[in-house]
Amino acid sequence: MANKDRNKTILLELGKLPENNQCADCSAPDPDWASYKLGVFVCLNCSGVHRNLSNISRVKSIRLDFWDDELVKFMKANGNATGRAIYEKAVPAFYYRPQQEDCAVLREQWIRAKYERMEFTGETKYPPLAYTTGFYEGMLWKKGKEKGQFQRRKFVLSEKEFTLAYFNKEDPSKGPKALISIKDVNVTFQPEKIGHAHGLQITYQKDSHTRSIFVYHESGEEIVNWFNAIRAARFAYLKTAYPTGSDKELRTRITRNYLKEGYMEKTGPMDAEELGVVFLGTETNGYSVSECIPKRTRGNRWRCGVTVDTPDRQFVFMCEQEREQREWVEALREVISKPMQPQDYTSKSHVTSIHTTGDS
């Protein structure tokens, strides 16, 4: 007969091992749950997804639930390292591995891709996984610029051409509404901002300004496929732009989540030129950030100023509240304190910067 206290102690000790002390799916620390069919330790949030995969995974709390001897023996024989060796054997370099702070659809589809669809076991897939083919097309709901309503639009992604196109009409013979270079694209999930759990923001450069497209798809699998297909195209572009860069180095440049997002009023010296992007370098290269309001500025609707000094000129942004001012200064200082690679200064279009955005 199983000894409840003994088995609980064994499981807790197993969970403290270096290979098990982070969630197998999102890397959250100190997971309190485990799948006794897969043999992996997971956090509370990810355990909820596992519950929806009852034919594949079954979860218990390692603190609160009863575990019999056979299940404990199975957990001892497996663990997160063994799980990764099986279910993450061949994750493409461009594929986004969600972390605990990422949105629910990313985490759910990552878990389903690993255990339900078995996408990363290294076995040849036929037909091949859609996001790995270099070409992706389909319909997405796109937010309109005028009335803000979502309308179905056709999108076409070409890794060969390094372009993302979308069409106002379903008939592609009329040509795309926009043809976007993959070189200038960033894509990130923004469910709260877009008002849909599968909301995706696609940002790109146009005429020295930053534009954003807001889209979603009813299917979580489909929208995450789009996200990773765009990442695949971005990764292919980076491999050509930086041929000596390692996969590890290039992965950090594929797409970026926003460190801080919100509204600031753009001001500046009287002769300031309106720009869509302000490139941010490092402190050692003459960049600095401070809470300050220079005397000669235009636009003083808000009172809490943030000054960004670059080697070439000074930029002034105004925040509505002191709290927002502090948050922006902290975020910007975090950026300029990090070292950059020499090539970052010669390719400023997709490195850390302040963007002023508009919808497309």
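What counts, and where the lines are drawn
Residues numbered from 1 in each chain as written. Predicted model: local features only at pLDDT ≥ 70, side-chain atom pairs only at ≥ 80, totals over all residues. Heavy atoms only, no water. Helix = DSSP H or I, 4+ residues; strand = E, 2+ residues; numbered from the N terminus. Buried < 20%, exposed > 50% of the residue type's maximum accessible area, 1.4 Å probe, protein only. Contact = heavy atoms within 4.5 Å. Areas by Shrake-Rupley, 256 points an atom, 1.4 Å probe, with all protein chains shown as cover. Salt bridge = Lys/Arg side-chain N within 4 Å of Asp/Glu carboxyl O. Pairing = 2+ DSSP bridges. Axes fitted to C-alpha atoms, helices over the stretch in contact; angles between N-to-C directions. Disulfide = S-S within 2.5 Å. Expected span 1.5 Å × (residues − 1). Arc of directions from axis to C-beta. Phe/Tyr/Trp six-rings, centres within 6.5 Å; stacked < 30°, edge-to-face > 60°. Lys NZ or Arg CZ within 6 Å of the ring centre and 35° of its normal.

1. Details of the overall build of the protein
When its secondary structure is counted, the protein shows nine helices and 17 strands. Buried positions account for 48% of the 360 residues belonging to the protein. In the protein, the proportion of contacts linking residues at least 24 apart, taken out of those at least 6 apart, comes to 57%. For the protein, the exposed area adds up to about 19,000 Å²; of that, 47% sits on carbon and sulfur atoms.

2. Some thoughts on the environment of Ile 254
Relative to the helices and strands, Ile 254 is located in helix 8 (residues 247-254). Judged by relative accessible area, Ile 254 falls into the buried class, the value being 0%. The spacing of Ile 254 and Tyr 96 is 158 residues in sequence and 9.5 Å in space, taken between C-alpha atoms.

3. Here's the deal with the pattern of salt bridges
With the rule as written, the count across this model stands at 14 salt bridges. Two residues, Arg 63 and Asp 32, come together in a salt bridge whose shortest N-O distance is 3.1 Å. Separated by 31 residues along the polypeptide, Arg 63 in the loop between strand 3 (59-61) and helix 3 (69-77) and Asp 32 in the loop between helix 1 (4-16) and strand 1 (33-35) bring together distant segments of the chain. What makes Arg 63 partly exposed here is its relative accessible area of 43%. Here Asp 32 falls in the partly exposed class, since its relative accessible area comes to 29%. One salt bridge connects Lys 183 with Asp 184, and the closest N-O pair in it is separated by 3.5 Å. Its relative accessible area of 16% is what places Asp 184 among the buried residues. Because the salt bridges share partners, they merge into one network encompassing Asp 25, Glu 88, Arg 97 and Lys 114.

4. Some remarks on the sheet that holds strand 1
The sheet built from three strands is open, its strands ordered 2-1-3 with antiparallel pairing. Strand pairing shows two members of the sheet lacking a second neighbour, strand 2 (40-42) and strand 3, which therefore form its edges. Geometrically, the sheet is characterised by an average inter-axis angle of 30 degrees between neighbouring strands, direction not taken into account. The sheet contact formed by strand 1 and strand 3 spans three bridges and is antiparallel. From the neighbouring strand, Ala 34 faces strand 3, where its bridge partner is Lys 60.

5. Things to note about the state of the cysteines
Inspection of every chain in the model, using the stated rule, returns zero disulfides. Note on Cys 43: no disulfide assigned, nearest cysteine sulfur contributed by Cys 26 at a separation of 3.6 Å. No disulfide involves Cys 46; its sulfur sits 3.7 Å from that of Cys 43, the nearest cysteine. A residue is classified by how much of its surface remains accessible, and Cys 46, at 1% relative accessible area, is buried.

6. A word on unusual backbone geometry
A negative phi angle is the norm for most residues apart from glycine, just as the trans form is the norm for most peptide bonds. A positive phi angle is found at Ser 27, which is not glycine, with a value near 70 degrees. Inspection of the secondary structure puts Ser 27 in the loop between helix 1 and strand 1. For Ser 27, a relative accessible area of 27% puts it in the partly exposed group. One non-glycine residue, Phe 162, adopts positive backbone phi at about 55 degrees. Relative to the helices and strands, Phe 162 resides in the loop between strand 5 (150-158) and strand 6 (163-167).

7. Examining helix 1
Note that an α-helix has 3.6 residues per turn; residues three or four places apart therefore point the same way. Taking 1.5 Å as the rise per residue, helix 1 with 13 residues should run 18 Å; its terminal C-alpha atoms sit 19 Å apart, in good agreement. Among all positions of helix 1, only Asn 7, Leu 11, Leu 12, Leu 14 and Gly 15 are buried. Seen along its axis, helix 1 keeps its buried residues to an arc of 160 degrees; they face one direction. Opposite the buried face of helix 1, by more than 90 degrees, sit the exposed residues Asp 5 and Lys 16. Tucked into the core, helix 1 has its buried residues touching strand 2 and helix 3.

8. Digging into the pairing of strand 9 (residues 200-206)
By the criterion of burial, strand 9 is predominantly enclosed, with five of the seven residues buried. When strand 8 (residues 186-189) meets strand 9, the two strands line up antiparallel, connected through four bridges. Paired with Thr 188 across the bridge in strand 9 is Gln 201. Strand direction decides the pairing type here: strand 9 and strand 10 (residues 209-216), joined by seven bridges, are antiparallel. Each bridged residue has a counterpart across the sheet, and for Gln 201 the counterpart in strand 10 is Phe 214.

9. What to know about the packing of aromatic side chains
Tallied over the entire structure, the rule returns 16 aromatic pairs. Note on Phe 279 and Tyr 287: the rings are 6.0 Å apart at their centroids and 80 degrees apart in plane angle, and the pair reads as edge-to-face. The burial state of Phe 279 is the same as that of Tyr 287; both residues are buried. Over the ring of Phe 315 we find Arg 313; its NZ or CZ atom is 3.9 Å from the centre of that ring.

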